[in-house]
Amino acid sequence: QVQLVESGGGLVQAGGSLRLSCAASGSTFSGHAMGWFRQAPGKERVFVASINRSGSATYYADSVKGRFTISRDNAKNTVNLQMNSLKPEDTAVYYCAARPSRLFHGTSPSDYAYWGQGTQVTVSS
């Protein structure tokens with residue numbers, strides 16, 4: 001069992017930056033691949049980025065590639081999402097997720113077992 005708590009969301013102007021953090025507790029953090037998803041109002045939850053257990057490999061949705069960076073610190077049990085050059089279409093609730101697997105390319109929410117409560121990101125134009 002893994003408990004996840006996101007932080008760092010807020011309101012930012014287009015072109016700005018935000019850094020989301022996700023703190024994990026419970027089961028061994030380094031045994032889990034981690035991901036970030038987002039859900040806009042009235043839309044499905046979609047994949048944003050993921051990272052493998054050691055932090056040596058990452059995977060991104062095309063919509064955020066080159067603008068967002070996922071990283072993790074296994075000593076601190078945290079995973080971060082640095083978001084640069086934000087656009088109004090990035091507005092959504094952002095969720096941290098964990099899966100007890102070495103596989104990290106999963107882009108479906110069903111690939112992940114544990115979820116945080118989400119943090120709101122709003123990008124104004």
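Please refer to the structure higher up on the page.
Residues numbered from 1 in each chain as written. Predicted model: local features only at pLDDT ≥ 70, side-chain atom pairs only at ≥ 80, totals over all residues. Heavy atoms only, no water.

Trainee: Now, about unusual backbone geometry: what can you tell me, with residues and values included?
Mentor: Backbone geometry places asparagine 77, a non-glycine residue, at a positive phi of 55°. Looking at the secondary structure, you find asparagine 77 in the loop between β7 (68–73) and β8 (78–83). Classification of asparagine 77 as partly exposed rests on a relative accessible area of 27%. With phi around 50°, serine 85 is a residue other than glycine that occupies positive phi space. With respect to the helices, strands and loops of the structure, serine 85 is situated in the loop between β8 and β9 (92–99). (Helix = DSSP H or I, 4+ residues; strand = E, 2+ residues; numbered from the N terminus. Buried < 20%, exposed > 50% of the residue type's maximum accessible area, 1.4 Å probe, protein only.)

Trainee: Hey, could you go over the side chain of asparagine 52 for me, with residue numbers and the actual values?
Mentor: Along the polypeptide, asparagine 52 turns up in the loop between β5 (46–51) and β6 (58–60). The buried category is assigned to asparagine 52, whose relative accessible area is 12%. Among the polar contacts made by the side chain of asparagine 52, one reaches the main-chain amide nitrogen of glycine 55 at a distance of 2.9 Å. Looking at asparagine 52, its side chain comes within polar contact range of the main-chain nitrogen of serine 56, at 2.9 Å. (Polar contact = N/O pair within 3.5 Å; in protein donor to acceptor, adjacent residues only side chain to side chain.)

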